[in-house]
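Working through the structure, step by step
Residue-level listing of the chains:
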Amino acid sequence: MIHYVLNLKKGFSLATMVFVALSFAACKKNESDDVGLLAAVAALATPGSTRAPVNITFQVADDNTTTSADAFSCAGTMTLATRTITPKDLRFWISEIKLVKADLTTVNVTLDQDGIWQYRDAALLDWEDGTGSCNASGTTGTHRVVSGKAPAGKYIGIQFTLGLPQSLNALESATSPAPMNTSAMYWSWTGGYKFTKFEFLDGAAGTSLHIGSTGCTAYAAGSVSPVTCAKPFRGQIRVTDPAGFDPATQRVVLNLSTVFAGFDTSLGGMCMPGDASAACQTVLGNLGYNFTYGTSGQGANGFEIR
Amino acid sequence: MITILPLLLTVSCSKKNIIGTEFRWDLPDGIPAPYVPEENPMTVEKVALGRRLFYDKRLSQDQTMSCASCHVQKFAFSDRKKTPRGIPSGTGDLHPRNAQHLSNAAYYSMLTWANPVLSNFEVQMRVPLFFTANAIRELGLEGDDYLRRLRNDKTYLEMFAAAFGAGKPETIINEANMRFAIASFERSLLSFNSPYDRHRRGEKNAMSESALRGMELFNGDQAKCSRCHSGFNFTESVVHYEGKAVLFYRNNGLYSGAYYASKNGNERGLFEFTQKPEDVGRFRVPSLRNVALTFPYMHDGSISCSPNHSNDDDACATEALGKVIDHYRKGGAAGSEKDENITGFELTEQEKNDLIEFLKSLTDREFITNPSFSDPFGGEI
């Protein structure tokens, strides 16, 4: 609390921010959320660090290794596991984003709160634009560049969670603010969100990859308790390049060619953690998940720096 | 600053601006008011709007079904089907569960047969309205077309404004307000005027001698029905303002473990969510309110009457309830991981008939004919 008081003297805008945060906290029922929010405010207020704007560009790659353009287009096709596929939807959440320094310590990226795509420490990345092959449940806007602030300096990589922290993975009674109100990402039967959604067609065969926390329950020995999920399926991504990672010139690439290695796209089907087929388990493995426990070993897990 | 903040906060949180007219519960003595989420206080206007939305087929993707398609007032808001199908333009698959009645559903501590995260109508409703990820599509809404349909209806413009405050159609006719109104209507569906309730209130001859004998059996140590179908709502899993939310999932011995192992993941009860072996075949105990109207019984609608009784409601209820009693009398199916209360018991035919008469005394005719719960379109839409 003393820390706040010292900072409050620095300016009215920060005082307002803390006040708004506390007012919000006092009326909310979920205490863990409040702790997260206060921590975020405290992080903003940490003295002594020069935080510079940083934009991190995300991109999708397919089998085609010669092009540097984004492989996803609602007006075109992609090649995965040597098959030609037509994408329908690609969206995923990332959160708890950090930049990795040469000594392997990390610094937090504080996300700009844009009221559309970024909320607290989570961002929704969205490739589909609701046109062409993506018109079924699509939206017009796309979001491939995460914007925020981080200490200026030299970095060798990026670390983030593929998915939402549990404090944000809850569909509340009321509709939450954007982007948490993106209904196409609701996983209402689990009470939370799809963390990753990728849907495509191979001829007539459709594949839907939906990954999110499972084993979720609010039931505890005769009574109702807060929701917890036994299998998080929250990807722990850390991708580094010893030569350095400069967000201004390099991109973070989700290599779908790596993710779908060993998967027969011509068969199609639902690929979800709940009761995943053997083929689906291969994909989950490529993304770094332990299918049985829903855990994730920290690593590249399908991502690259290019 | 530190001393001022808490004062400001107290003021900002205690001040409630309720739009519209506060809804007054019409509850008999001894019945607690249902729990209402703080963010969605009950008002007369929301209940009226919710009733219209509940019956409106424009709230399905192909405009062929409404909530009321599977929740029919004359069947205490169940649907008489083993298991229903969703919209015709969906997958056309049968739902894995029997549609439940909604009498006093406001008191459930958790909604649906086995899902352990859907703790109120506001949250649960997203599943029938929007869930399309699985094979089962109920109303199958996608995109914003349904909101445009509502915004083009002058009656809705007036009703949403009355319920949520004046504003532009795009602002007040939104997804959350739609859910809040339907939830308010569902909370208003209270059933406390059955012969059993009238007997409890001291009305002489409200229940027959046979039904009274059946009530003794229901509550007694022989049949032990009330161990799980307990309390004023005939289920142990309730929440209200006078106590903590209680929630149990139990295996009623309907099927063997081998049977469940052969079924799809979404037909194995609580196990679907927790993946714990002991949760296979566990479901939340349903309320027995209006039970003589809500056959077929069980989570999969597997217990009903034979076809020759299908045109006689009373005869069908008698036969189907008799089958349920027989199931518990013999102590469940062989090889089932049944709950400790399912031990089997002796019962004469007279006692069985008395139990059935008691269960029929839970039928609330006023509830199923109450005009304020009925279709406001009069079948016109």
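Here, every reference points to the structure presented above.
Small disclaimer: the values here were computed from a predicted structure and weren't measured.

**A few points about the pattern of salt bridges**
Tallied over the full model, the rule gives 31 salt bridges over all chains. The closest approach of N and O atoms between Arg198 of chain B and Glu203 of chain B, which form a salt bridge, is 3.2 Å. A residue is classified by how much of its surface remains accessible, and Glu203 of chain B, at 38% relative accessible area, is partly exposed. When the shortest N-O distance is used, the salt bridge between Arg227 of chain B and Asp221 of chain B registers 3.4 Å. Classification of Asp221 of chain B as exposed rests on a relative accessible area of 63%. Salt bridges sharing common partners tie together Asp89, Arg91, Glu128 and Lys197 of chain A.

**A look at helix H2 (residues 44–54) of chain B**
Of the positions making up H2 of chain B, those classed as buried are Lys46, Val47, Leu49, Gly50, Arg52, Leu53 and Phe54 of chain B. Next to the buried residues of H2 of chain B lie helix H5 (145–151), helix H6 (154–164) and helix H8 (175–187) of chain B.

**Describing the packing of aromatic side chains**
Any aromatic ring pair is given by two values, namely how distant the centres are and how the planes are angled relative to each other. All names here are of chain B. Scanning the entire structure with this criterion turns up 35 aromatic pairs over all chains. Here Phe54 and Tyr55 contribute two aromatic rings whose centre-to-centre distance is 5.4 Å and whose plane-to-plane angle is 70 degrees, an arrangement assigned as edge-to-face. Like Phe54, the residue Tyr55 is buried in the burial classification. Its guanidinium or amino end placed over the ring of Tyr156, Arg52 lies 4.5 Å from that ring's centre, counting from NZ or CZ. Of note, Arg284 hangs over the ring of Tyr108, and the distance from its end group to the ring centre comes to 3.5 Å.

**Side note on the nonpolar core**
Within the largest apolar cluster, 51 residues are counted, with the highest numbers of intra-cluster contacts made by Ile56, Phe58, Ile94, Ile158, Phe198, Phe260 and Phe303 of chain A. Among the elements that take part in this core, strand S3 (residues 83–100) of chain A stands out by supplying six residues, more than any other. With sequence-adjacent residues up to four places away left out, Phe260 of chain A is seen in contact with Leu80, Ala81, Phe198, Phe200, Leu209, Val283 and Asn286 of chain A. Of all hydrophobic cores here, the second largest spans 49 residues; its members include Leu102, Ile172, Ala183 and Ile368 of chain B.

**Here we look at unusual backbone geometry**
The omega torsion across Ala178 of chain A and Pro179 of chain A is 0 degrees, close enough to zero to call that bond cis. Position of Pro179 of chain A among the secondary structure elements: in the loop between strand S9 (157–162) and strand S10 (186–187). Of note, the phi angle at Leu104 of chain A is positive, near 70 degrees, even though the residue is not glycine. Tracing the backbone shows Leu104 of chain A in the loop between S3 and strand S4 (106–108). The backbone of Gln63 of chain B shows a phi angle near 60 degrees, a positive value even though the residue is not glycine. Structurally, Gln63 of chain B can be placed in the loop between H2 and helix H3 (121–124). Gln63 of chain B sits in the partly exposed class, given a relative accessible area of 39%.

**Re the sheet that holds strand S8 (residues 145–151) of chain A**
Residue and element names in this part refer to chain A. Across the sheet, five strands lie side by side as S5-S8-S1-S17-S21; this open sheet has mixed pairing. Taken across any chain shown, the strands that pair with only one partner, and hence form the sheet edges, are strand S5 (110–111) and strand S21 (303–305). As paired strands, strand S1 (residues 51–61) and strand S17 (residues 251–255) are joined by five bridges and run parallel to one another. Considered in S17, the bridge of Gln59 is made with Val253.

The rules behind each value
- Residues numbered from 1 in each chain as written.
- Chains lettered and ligands numbered in written order.
- Predicted model: local features only at pLDDT ≥ 70, side-chain atom pairs only at ≥ 80, totals over all residues.
- Heavy atoms only, no water.
- Salt bridge = Lys/Arg side-chain N within 4 Å of Asp/Glu carboxyl O.
- Buried < 20%, exposed > 50% of the residue type's maximum accessible area, 1.4 Å probe, protein only.
- Helix = DSSP H or I, 4+ residues; strand = E, 2+ residues; numbered from the N terminus.
- Contact = heavy atoms within 4.5 Å.
- Phe/Tyr/Trp six-rings, centres within 6.5 Å; stacked < 30°, edge-to-face > 60°.
- Lys NZ or Arg CZ within 6 Å of the ring centre and 35° of its normal.
- Core = buried A, V, L, I, M, F, W, Y, C linked by side-chain atoms within 4.5 Å.
- Pairing = 2+ DSSP bridges.

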